[in-house]
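# Structural features, examined
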Amino acid sequence: MKARSVSSEAKLSTMGVYTHFGGVPELLQAVADEGFSRQALVFGRLPLTDDPMVDLCAMALACHDFARRNPHLYDLMFGLSIHGRYSPSRGTVEPILSGQSASFRTAYAFLLQGCARLVNAKCVRKADPDFIALQFWSALHGFIMLDLAGHFAHTASPSADVLVPMCVNLVVGLGAKRDKAESSAVGAQAMWAANQSSKNGKPRNK
């Protein structure tokens with residue numbers, strides 16, 4: 001990406017990019033931060049239930065939907081394009097959130113809080129919520145990137161056939177009872193479907 005290309009699309013002078021952002025890297029950083037702010041808004045609009053497993057699964061579905069609606073933005077947010085800014089440096093020993101922007105921290109906090117609820121409600125065996133969050137994040141991000149790359153094109157519903165079972169298997173591996181995890185997953189899918197119907201102006205089934 002060049003400043004001249006951006007200014008041309010925005011119908012501004014090239015100098016405007018440097019005046020407002022300092023340069024192309026800073027502009028890309030600002031775009032990524034805007035993406036995380038939007039993602040946080042999506043997470044914040046999800047209804048909370050008394051079942052942490054329902055809420056985490058719903059968050060995964062919401063994140064997948066956000067990525068599908070904004071594939072190029074999602075790519076930039078997580079440092080997958082050549083200009084991405086969120087790829088940790090190889091060999092670093094700093095904490096995962098070290099150096100990340102406020103918008104990233106805000107979005108990630110929803111996942112961290114959800115995992116803390118999972119432990120506090122004794123849905124899974126006692127473990128550090130930070131590491132549970134990293135496991136969920138890794139699994140979810142891997143699924144999304146494979147989906148965006150078209151690797152699930154042969155699957156009727158990647159969310160229902162791959163993502164939701166993956167969430168179930170993850171919490172079961174953490175100590176949850178499979179029948180309860182599967183029941184929570186069904187609840188999350190129903191809640192997400194109702195949420196989408198409401199957003200699209202479709203009446204909910206009674």
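Residues numbered from 1 in each chain as written. Predicted model: local features only at pLDDT ≥ 70, side-chain atom pairs only at ≥ 80, totals over all residues. Heavy atoms only, no water.

Okay, the overall build of the chain next. Counting its secondary structure elements, the chain contains nine helices and zero strands. In sequence order, the chain lays out its α and β elements as α-α-α-α-α-α-α-α-α. Among the 206 residues that make up the chain, the fraction classed as buried is 40%. Sequence separation of 24 or more characterises 61% of the internal contacts of the chain that already satisfy a separation of 6 or more. For the chain, the exposed area adds up to about 12,000 Å²; of that, 56% sits on carbon and sulfur atoms. (Helix = DSSP H or I, 4+ residues; strand = E, 2+ residues; numbered from the N terminus. Buried < 20%, exposed > 50% of the residue type's maximum accessible area, 1.4 Å probe, protein only. Contact = heavy atoms within 4.5 Å. Areas by Shrake-Rupley, 256 points an atom, 1.4 Å probe, with all protein chains shown as cover.)

With that out of the way, let us pick up the packing of aromatic side chains. Applying the stated rule across the entire model yields nine aromatic pairs. A ring pair is formed by F104 and W137, whose centres lie 5.7 Å apart and whose planes are at 55 degrees; its orientation type is tilted. Of this pair, F104 sits in helix α6 (residues 102-120) while W137 sits in helix α7 (residues 129-148), and the two are 33 residues apart along the sequence. When its relative accessible area of 2% is taken as the criterion, F104 is described as buried. Centroid distance Y108 to W137: 5.1 Å. Interplanar angle 65 degrees. Geometry classified as edge-to-face. Linking Y108 in helix α6 with W137 in helix α7, this pair joins segments that are 29 residues apart in sequence. By relative accessible area, which is 8% here, Y108 ends up buried. (Phe/Tyr/Trp six-rings, centres within 6.5 Å; stacked < 30°, edge-to-face > 60°.)

Turning next to the nonpolar core. Counting residues in hydrophobic clusters, the biggest one holds 50 residues, and the most contacted among them are L111, L118, I132 and F136. Elements supplying a minimum of two residues to this core: α3 (24-44), α4 (52-69), α5 (71-77), α6, α7, α8 (158-173) and α9 (178-199). Looking at which element gives the most residues to this core, the answer is α4, with twelve residues. (Core = buried A, V, L, I, M, F, W, Y, C linked by side-chain atoms within 4.5 Å.)

Here we take up the state of the cysteines. Applying the stated criterion across every chain, the model contains zero disulfides. Of all cysteine sulfurs, the one in C57 lies closest to C167, which takes part in no disulfide; the gap is 4.6 Å. Judged by its relative accessible area of 9%, C167 is buried. (Disulfide = S-S within 2.5 Å.)

Once that is clear, we can look at empty space enclosed by the protein. Per the counting criterion, the structure on display carries three cavities of 30 Å³ or more. As a volume, the largest cavity reaches approximately 200 Å³. Along the walls of the largest cavity sit 17 residues, with F43, C63, L111, W137 and L140 positioned nearest its centre. Those elements giving two or more residues to the lining of the largest cavity turn out to be α3, α4, α6 and α7. Looking at side-chain class alone, the lining of the largest cavity contains 15 nonpolar, two polar and no charged residues. Computed from the structure, the second largest cavity encloses a volume of approximately 80 Å³. Lining the second largest cavity are M53, L56, C57, F136, C167, V168, V171, A181, S184 and A185. Elements that contribute at least two residues to the lining of the second largest cavity include exactly α4, α8 and α9. (1 Å grid on protein atoms, 1.4 Å probe; cavity = no way out; pocket = protein on both sides within 12 Å on 5 of 7 lines; lining within 4 Å. Points joined across faces, edges and corners; volume = space filled by probe spheres on them. Nonpolar A, V, L, I, M, F, W, Y, C, P; charged D, E, K, R; others polar.)

Our focus in this paragraph is α8. Its 16 residues place the ends of α8 21 Å apart at the C-alpha level, agreeing with the 22 Å of an ideal helix rising 1.5 Å per residue. What α8 keeps buried is the set P158, S159, L163, V164, C167, V168, L170 and V171. Structurally, α8 contributes buried residues whose contacts are with α4, α6, α7 and α9. Of the residues flanking the end of α8, it is G175, one or two places downstream, whose phi is positive at about 115 degrees. (Expected span 1.5 Å × (residues − 1).)

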